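# Close look at the chain arrangement
Here are the chains, one letter per residue:
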Amino acid sequence: MLLDFIKKYWYRYLTGILTLIVVDLLQLYIPRFIGRVVDHLRSEQPTMGFVTVMVSWIVGIALAIAIMRFFWRYFIIGNARRFEYLARKTLFDKLLSLSPGYFDRTRSGDLMARFTNDLQAVRMALAQGVVMTVDATFMAIMTVLFMGRTVSWKLTWLASIPLPALALVALFFGRIIHNRFMEVQNQFSAVSELTEETISGIRIVKSFAADEKFWEMFRDRSWNNYRAGISLAKVSSVFFPLMIFLASLAHAFALFFGGPMVVRSEVSLGEFIAFNSYLGMLTWPMMALGWVLNVIQSGRASYKRIMQVMKEMPQVEEPKNPVKIDRIETISFVDLTYRYPSSQRDVLKCVSFSIKKGEMVGIVGTVGSGKSTIVKLLAKLYPVERGKIFINDVDINDIASENIRSLIAFVPQESFLFSDQIKKNIAFAQEDIDMERVIECAKLAAVHDEIVKFPEGYDTVVGERGVTLSGGQRQRVTIARALYENKDVLVFDDCLSAVDPETEEKIIDSLRSQFKQKTMIIITHRLKVLRDADLIIVLDNGVIVEKGTHEELMNLDGLYARMFKRQMIEEELEA
Ligand SMILES: Nc1ncnc2c1ncn2[C@@H]1O[C@H](COP(=O)(O)OP(=O)(O)OP(=O)(O)O)[C@@H](O)[C@H]1O
C-alpha cells in the first residue's frame, strides 16, 4: 500500500524534500551575514550602506524561508495526510469486504485502534519522520561544513566534543520516553474503553447494582493512567535539562577554545558569533535523532498492524464467473454438515430440506441447535462447501454474495439501529426516501402507530443504538427496514422476541396475506406463530429431528408437540 502510494506521489515528496534542503541551506547564511555585519561594525570605517545591504539580505532570506516553509509543509505533511486519508478509506473498504467470521475473532476496540492510533503513527512517520530525517542529516552535515569552511576546522572539532554525548543521551532517553509515552497511550485507551462501555451499558450496570465495582475499576485505571503520565513527566524532566546542559557544554567549549583564537586574531569576532549560532543549529539534529528513530519505528510497527488487516482475505470466496439469478424460485439444503471455521464441532449435521417460492417455513428447536446458522449460511455470511446449498438448483458458491443478498431480506436477532432518523433507518442505504413506502412498511411491521406518536414522527432521531425506542419498537423498525426493499425472500431470525405474542402473530399474518408470492423463513421460539406454515423444521443439537406441518408434527407427538403443549399451558397460566 505504502509503496504504491510513493510510486504514485513520489514527485510531491521530492519537491518537499528539495524545498526543505533549500530552506536549511538558506538558514545557514543568516549567521554568516550577521557575522559579517559585526566584523564590518568593528572595522575602521563602518558604513550604514553595508549594514543596510546585509540587513536587506537577512530580511530577504527570512522571507524566502517563510514562503518555502509553507511549500515543504504542504508537500511533505500534506502528502502524509493524503496517505492517511487514502489508507483509511482502503482499510474501511477492506473491512466491508471481510466476512463476519473475521469480526467474530477480532475485537472491535482493536480494529478501532488501527483506524486511529496506528494510522496516526504512520502519518507521523511519513510527515515528521521524513522531515526530521532529512533535516537532521542534511543540517548536521551542512552545519559542520559551514563551521569548518567559513570559521575554523580546529574550533569545529573542539566545540563538537560534547555532541556525540548529546546524540547518545538523545538515543538512550528517546527509547525510554517512547516506551513511557506508549504506556500513557495504553492506559488512556483502557480508561476510555471502560468509560465508553460503562456509558453504553449503564442500564445493565445500574440494574445489577454494579456502580461500586465499576467505580473501583475506573479509579484503578485512572490511577494507572496518572502514574504512567507522572513517570513520563519524570523522565522528560531529566532529559530536557540534560540536553540543555550538554548543549551549553558545547558552547562553553566553543568559548573556552574560541575566545583565545579571537584574541589571537585566528578567527574574527563576527565569525565567532556566527560559529556560536551554527553550534546552536547543530545541537538540534542531535536532539532530534532519538525522537526521529522512535517515530519511524512506531510508524513501521503500526504499518505492519494495518497490513495485517489488509492481507486478510474474505472467508467467503466470490465465484470467478458468477451465475446471475433474478428471482428465487427454490432453496434446497442437501445433507449439510457444518462447522464454523473457528470451532471444533459440527453445529449442523446432515441437514436436508427444500423451500419453494411463496412458502412459509418455520425453523424451531432447542437453544443453540443451529437455527441461525442455517439462515446465515444461506445468506453466504460464512463459507460453505460445494453441493450443500442450492438456489434455483444453482450451488450458492456459484452465485455472487451480493446477488443473493439483493434477493433475501435478512432480519438478524440483534436489532441494530443507526443514530439517525427513523425514516432513514427504514429506507436504509437508499439515496431517495419513498415516504409512502416507509409508512407502508412501518404499518406492516405494526410500528407505524407508535412512530407517529413521537413528537417528530418519522423524523425522530434514534439515539445511539436506538435508546429512545423500546426493544420491541426497535425490532419492528428493523423489520420495516427489511420490507422496504421488496426482496423475494424474508428471513426473520427470532427478531420478534421483544414483541408480545399477539403482535408477533399479527405481523406474521399480515405479511403472509400481503405478500403471497414471498417466501418466508421464520425462526422463532413461539410456535403458535407457525400454525399456518407450509413446513416446520425442528432442530435439536444440529440435527433435524422432525419436519412437517403443524398438524403432522402434533400427530407425531414428539419434541415439537411437547414444546407446543408446554407453551399453550404457559399461555393459559399467564392469562
Ligand atoms: N460465529 C460462530 N463461531 C463459532 N461457533 C458459533 C458461531 N455462531 C454460533 N456458533 C455456535 O453454533 C451453535 C449454533 O448456534 P446458532 O446461533 O445457530 O443456534 P440457534 O439455534 O440459533 O440458537 P438460539 O436459539 O440461542 O438463537 C451454538 O453452539 C453456537 O455456540
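About the thresholds
- Residues numbered from 1 in each chain as written.
- Predicted model: local features only at pLDDT ≥ 70, side-chain atom pairs only at ≥ 80, totals over all residues.
- Heavy atoms only, no water.
- UniProt positions renumbered as here; feature names shortened; annotations may be inferred.
- Helix = DSSP H or I, 4+ residues; strand = E, 2+ residues; numbered from the N terminus.
- Disulfide = S-S within 2.5 Å.
- Buried < 20%, exposed > 50% of the residue type's maximum accessible area, 1.4 Å probe, protein only.
- Pairing = 2+ DSSP bridges.
- Contact = heavy atoms within 4.5 Å.
- Axes fitted to C-alpha atoms, helices over the stretch in contact; angles between N-to-C directions.
- Near = heavy atom within 4 Å.
- Polar contact = N/O pair within 3.5 Å; in protein donor to acceptor, adjacent residues only side chain to side chain.
- Areas by Shrake-Rupley, 256 points an atom, 1.4 Å probe, with all protein chains shown as cover.
- Nonpolar A, V, L, I, M, F, W, Y, C, P; charged D, E, K, R; others polar.

- An unreviewed UniProt entry lists the chain under the name ABC transporter permease, with Pseudothermotoga hypogea DSM 11164 = NBRC 106472 as the source organism.
- Here is the UniProt Subcellular location (unreviewed entry) comment for the chain, exactly as written: "Cell membrane".

### Notes on the environment of Y85
- Along the chain, the position of Y85 falls in helix 2 (residues 48-97).
- Measuring from C-alpha to C-alpha, the distance between Y85 and V367 comes to 45 Å, with 282 residues separating the pair along the chain.

### Focus: the state of the cysteines
- Evaluation of the coordinates by the stated rule reveals zero disulfides.
- C441 forms no disulfide, and the closest cysteine sulfur to it belongs to C495, at a distance of 14 Å.
- Judged by relative accessible area, which is 1%, C441 ranks as buried.

### Here's the deal with the UniProt feature "transmembrane region" (unreviewed entry) in the chain
- UniProt's entry tags residues 9-30, 50-72, 124-145, 157-177, 238-258 and 278-296 with the feature "transmembrane region" (unreviewed entry), counted in the numbering of this structure.
- As a span, residues 124-145 carries 100% helix and 0% strand, and end to end its C-alpha atoms are 30 Å apart.
- Annotation note: span residues 157-177, helix share 86%, strand share 0%, distance between end C-alpha atoms 30 Å.

### Some points on the sheet that holds strand 1 (residues 330-338)
- Overall, antiparallel pairing links the four strands, which are arranged 2-1-4-5 in an open sheet. This sheet does not close on itself; its edge strands, each paired only once, are strand 2 (348-356) and strand 5 (394-395).
- Judged from the six bridges that link them, strand 1 and strand 2 form a sheet pairing that is antiparallel. Pairing of F333 across the sheet is with F353, part of strand 2.
- Together, strand 1, strand 2 and strand 4 (389-391) form the strand contacts of helix 10 (residues 371-378), whose direction differs from that of strand 1 by roughly 120°.

### Considerations on the site of the ligand
- Looking at the ligand, there are 15 residues lining it, with D104, R345, S372, T373 and Q413 nearest.
- Within the backbone of S369, a nitrogen or oxygen atom sits 3.0 Å from an oxygen atom of the ligand.
- G370 places a polar main-chain atom, nitrogen or oxygen, 3.0 Å from an oxygen atom of the ligand.
- Computed on the free molecule, the ligand has an accessible area of 640 Å², of which 72% lies beneath the protein chains in the complex.
- Element by element, the count of residues in the shell around the ligand is highest for helix 10, at three residues.
- Across the shell around the ligand, the residue classes tally to four nonpolar, eight polar and three charged.

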